[in-house]
Amino acid sequence: MCGIVGILDAGEVSFSLYYALYALQHRGQESAGIATFDGATINKYRGEGLVAEVFDTPTLGRLKGHCGVGHVRYPTTGTNRPENMQPFLFEFQDLHIAIAHNGNLVNYTELREEYEQRGQIFWSSSDTEVIAKVFTDEIRGGSSVEDAVHLCMRRLRGSYSVVMIINGVLYSFRDPLGIKPLCIGKTRTGYIIASESVAVDALGGTLVRDVRPGELMRVSEEGIACTQIAVANCPAHCIFEYIYFSRADAVVDGALVYDVRRKIGRKLYEEAPVNADSVAPVPDSGTAYTIGYAEGSGIPFVECLMKNRYMGRTFIMPNQKAREQAVRIKLNPVRSHLEGKSIVLVDDSIVRGTTSRRIIELMRSSGAREIHMRIGSPAIKAPCYLGVDMPTREELIASNKAENEVRKSITATTLHHISIEALVEAIGMPHGHLCTGCLTGCYPVQIEGEIDTPRAVNFVDGSFQTNLGTFVEEEDL
Ligand code: AMP
């Protein structure tokens, strides 16, 4: 979980990077950073907090350059330390490098030990630094960027979508399984590569396509070059991007997330119909699912909980009483929509079960008679090692409980999770092209102590390049 963006443009890029990061804010709220290349050196600014808290106009004005990368961080590997804020910067002879990464390496520790033994010094506890070390070590040895990325794809195990500037050139690459999303878009005078298409939309650009799993893209003033460094027998796109993580208005690997969730909502009704007075979302994560359920069932969509959208991370909660009050301030039950009513309540997922239990309690205390919980994901049974912040098996409510036990624990009248088959059908790609580790406990990469179905990855030399002196048209990509 993190958001990344890289932009190359005819004009200055710092404000565009800022707007793009703003659009990706849901992917990480812990820190934000931007690095730009001004023709001579890299300028950077990073800080803790939300994009709007970190940057102001004078700061963005100082980040000069036509090319840059940005990052919003949600920590998975590496603790909440200032030195883990991205982008990371490296200089070597006349090369100025800035790198931003979304994903999680499962062989971080062994790679770090190996590179430490080779004399490398690490200054952060982030796996991004390991990626950077593997890459820069190879570059220092005289290899080309293509060869260095080739080595990265051979050595790194896990998920990595990366954007990087080296002097005035923007590069990006995505792990051969395409676990985390990454797409390229065209703006009026340049190109943007970002975690989600919503960042392209924020700049008024056009989505060109997803960066392919195992692909390296090079974007410069001369044009775009796409090199397929590695090809897997099948990808493993993170299923949780569709369930919860990506914004509903994002197009991820060809599917509009909103439509996927709406289809799931319809299928939830087909799998678990119920007679009720109304169907209501847990705002905002349950909204698109709820619309699908309402369409499928004909039961009216009625909001029963209103979310306060202005409650930031800085809300003061010194004690338990204040924490309880915070729930009420964050979500206000609409009493007249609840009193004496039977409600279908729809949300995207149940992780620990705390949220659902609290919300059901709140709805009952406001008079709801029956609460039929419908969930847009199958039961989450196992942790994620590949970049989504999921707790351990002990903390996951469904890891060792049957659905009826979970129902009792969250005090719902009835409970139904969507089946994996229906979820996969709604996404519209083969089951084998998705990472379903958190649902099945079976992962697409080798993880110690876990079951895996490793993909075969072929490294190929064939590449094509467009070097037209101007940006290429999307048909050529
Ligand atoms: P809980 O069951 O209390 O752990 O919370 C589950 C709710 O948190 C879901 O309804 C989601 O909307 C949201 N959620 C799911 N996965 C995550 C995650 N990895 N990080 C933060 N929130 C999440």
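Residues numbered from 1 in each chain as written. Predicted model: local features only at pLDDT ≥ 70, side-chain atom pairs only at ≥ 80, totals over all residues. Heavy atoms only, no water.

*Asks:* Got a minute to help me understand the pairing of strand 9 (residues 183-186) in this structure?
*Replies:* One face of the sheet, then the other: side chains in a regular strand alternate in exactly this way. Where strand 9 and strand 10 (residues 190-194) come together, four bridges link them in antiparallel fashion. Directly across from isoleucine 184, in strand 10, lies its bridge partner isoleucine 193. In textbook terms, the turn of a hairpin is the stretch between consecutive antiparallel strands, and for strand 9 and strand 10 this stretch comprises three residues. (Pairing = 2+ DSSP bridges. Helix = DSSP H or I, 4+ residues; strand = E, 2+ residues; numbered from the N terminus.)

*Asks:* Mind showing me how you'd approach the pairing of strand 21 (residues 342-347) here?
*Replies:* Judged by how many residues are buried, strand 21 sits mostly within the fold: six of six residues are covered. Direction of pairing for strand 18 (residues 278-281) relative to strand 21: parallel, over a ladder of four bridges. Of the residues in strand 21, the one forming a bridge with serine 278 is isoleucine 343. Across six bridges, strand 21 lies against strand 22 (residues 370-375) in parallel orientation. If you follow aspartate 347 over to strand 22, its bridge partner there is isoleucine 375. The handedness of the strand 21 to strand 22 crossover, carried by helix 13 (residues 354-365), is right-handed. (Buried < 20%, exposed > 50% of the residue type's maximum accessible area, 1.4 Å probe, protein only. Right-handed = clockwise from strand over helix to strand, strands pointing away.)

*Asks:* In this structure, what is going on with the side chain of aspartate 127? I would like to understand it.
*Replies:* The residue aspartate 127 is located in helix 5 (residues 127-140) in this model. It is arginine 73 that comes nearest to the buried, bridge-free aspartate 127 among opposite-charge side chains, at 6.4 Å. Only 2.8 Å separates the side chain of aspartate 127 from the backbone nitrogen of leucine 105, close enough to count as a polar contact. (Lys, Arg positive; Asp, Glu negative; His and termini not counted. Salt bridge = Lys/Arg side-chain N within 4 Å of Asp/Glu carboxyl O. Polar contact = N/O pair within 3.5 Å; in protein donor to acceptor, adjacent residues only side chain to side chain.)

*Asks:* Any chance you could explain empty space enclosed by the protein here in plain terms?
*Replies:* Unoccupied space between atoms shows up once a probe the size of one water molecule is rolled over them. Scanning the entire structure with this criterion turns up three cavities of 30 Å³ or more. Counted as a void, the largest cavity has a volume near 100 Å³. Taken together, 15 residues make up the lining of the largest cavity; nearest its centre are Cys238, Cys384, Leu386, Cys435 and Cys438. Listed by contribution, the elements that provide at least two residues to the lining of the largest cavity are helix 8 (239-245) and helix 16 (437-440). Split by residue class, the lining of the largest cavity holds 12 nonpolar, two polar and one charged. (1 Å grid on protein atoms, 1.4 Å probe; cavity = no way out; pocket = protein on both sides within 12 Å on 5 of 7 lines; lining within 4 Å. Points joined across faces, edges and corners; volume = space filled by probe spheres on them. Nonpolar A, V, L, I, M, F, W, Y, C, P; charged D, E, K, R; others polar.)

*Asks:* I'm lost on the state of the cysteines in this one. Help?
*Replies:* By definition, a disulfide links two cysteine residues through a covalent bond between their sulfur atoms. For the structure shown, the criterion picks out zero disulfides. Free of any disulfide, cysteine 226 has its nearest neighbouring cysteine sulfur in cysteine 183, separated by 14 Å. (Disulfide = S-S within 2.5 Å.)

*Asks:* When you look at the site of the ligand in this model, what are you seeing that I'm missing?
*Replies:* Around the ligand sit 16 residues, and of these Asp347, Asp348, Gly353, Thr355 and Asp389 come closest. Between a nitrogen atom of the ligand and a side-chain N or O atom of tyrosine 244, the distance comes to 3.2 Å. Between an oxygen atom of the ligand and a side-chain N or O atom of serine 285, the distance comes to 3.3 Å. Protein contacts shield 84% of the accessible area of the ligand, which totals 500 Å² for the unbound molecule. Those elements giving two or more residues to the shell around the ligand turn out to be helix 8 and helix 13. Grouping the constituent residues of the shell around the ligand by class yields seven nonpolar, five polar and four charged. (Near = heavy atom within 4 Å. Areas by Shrake-Rupley, 256 points an atom, 1.4 Å probe, with all protein chains shown as cover.)

*Asks:* Please clarify how the side chain of serine 161 should be interpreted in this entry.
*Replies:* If you trace the backbone, serine 161 turns up in strand 7 (residues 158-166). Residue classification places serine 161 among the buried residues on the basis of a relative accessible area of 0%. Of note is the side chain of serine 161, whose polar atom sits 3.1 Å from the backbone oxygen of lysine 180. Residue contacts for serine 161: discarding those within four places in its chain leaves Ile4, Ala100, His101, Asn102, Phe173, Arg174, Lys180, Pro181 and Leu182. (Contact = heavy atoms within 4.5 Å.)

*Asks:* Looking at this model, I keep getting lost on the layout of surface pockets. Mind explaining?
*Replies:* Each pocket or cavity is described by its volume, and for the second largest pocket that value is around 300 Å³. Leu156, Arg157, Val445, Arg455 and Val457 are the residues nearest the centre of the second largest pocket, which is lined by 17 residues in total. Looking at the lining of the second largest pocket, the elements with two or more residues in it are helix 6 (145-155), strand 7 and strand 27 (457-459). Sort the elements by how many residues they give to the lining of the second largest pocket and helix 6 lands first, with three residues. Classifying every residue of the lining of the second largest pocket gives 10 nonpolar, two polar and five charged.

*Asks:* I keep staring at the sheet that holds strand 22 and nothing clicks. Help me out?
*Replies:* Strand-to-strand pairing in sheets goes through backbone hydrogen bonds, with the strands running parallel or antiparallel. In space, the four strands of this open sheet follow the order 18-21-22-23, with parallel pairing throughout. Because the sheet does not close on itself, it has two edges, and the strands there are strand 18 and strand 23 (414-417). Strand-to-strand, the axes of this sheet are offset by a mean angle of 20°, without reference to chain direction. With respect to the sheet, helix 9 (residues 257-271) is in contact with strand 21, strand 22 and strand 23, its orientation differing from that of strand 23 by roughly 125°. Across the sheet, helix 10 (residues 287-297) is in contact with strand 18, strand 21 and strand 22; its angle to strand 18 comes to roughly 165°. (Axes fitted to C-alpha atoms, helices over the stretch in contact; angles between N-to-C directions.)

*Asks:* Which parts of the structure should I look at to understand the nonpolar core?
*Replies:* Nonpolar side chains in soluble globular proteins tend to be buried together. Formed by 71 residues in total, the largest nonpolar core has its most connected members in Val5, Phe55 and Tyr242. When residues of this core are assigned to domains, at least three map to each of domain 1 (3-236 + 457-465) and domain 2 (251-443). Other than its neighbours up to four places away in sequence, phenylalanine 55 contacts Tyr18, Ala32, Gly33, Ile34, Tyr45, Leu60 and Leu63. Counting 31 residues, the second-largest nonpolar core is a separate cluster that includes Phe90, Ile99, Tyr108 and Val130. (Core = buried A, V, L, I, M, F, W, Y, C linked by side-chain atoms within 4.5 Å. Domains from an automatic or database assignment.)

*Asks:* What exactly am I supposed to notice about helix 6 here?
*Replies:* Side chains of residues three or four places apart in an α-helix project in the same direction, reflecting 3.6 residues per turn. Every buried residue belonging to helix 6 is among Val145, Ala148, Val149, Cys152 and Met153, and all of these are buried. Seen from one end, helix 6 has its buried residues packed into an arc of 140°, which puts them on one side. Elements in contact with the buried residues of helix 6: helix 5, strand 7, strand 8 (169-174), strand 12 (215-220), strand 14 (230-232) and strand 27. (Arc of directions from axis to C-beta.)

*Asks:* What exactly am I supposed to notice about the sheet that holds strand 3 (residues 42-48) here?
*Replies:* Read across the sheet, seven strands follow the order 3-2-4-1-10-9-11 without closing on themselves; strand pairing throughout is antiparallel. Each edge of the open sheet is held by one strand with a lone partner, namely strand 3 and strand 11 (206-210). Geometrically, the sheet is characterised by an average inter-axis angle of 15° between neighbouring strands, direction not taken into account. Here four bridges tie strand 9 to strand 11, and the two strands are oriented antiparallel to one another. In the sheet register, lysine 186 faces strand 11, and the bridge partner there is threonine 206. On the sheet, helix 1 (residues 14-23) packs against strand 1 (2-9), strand 2 (31-37), strand 4 (67-73) and strand 10 and is oriented at approximately 155° with respect to strand 2.

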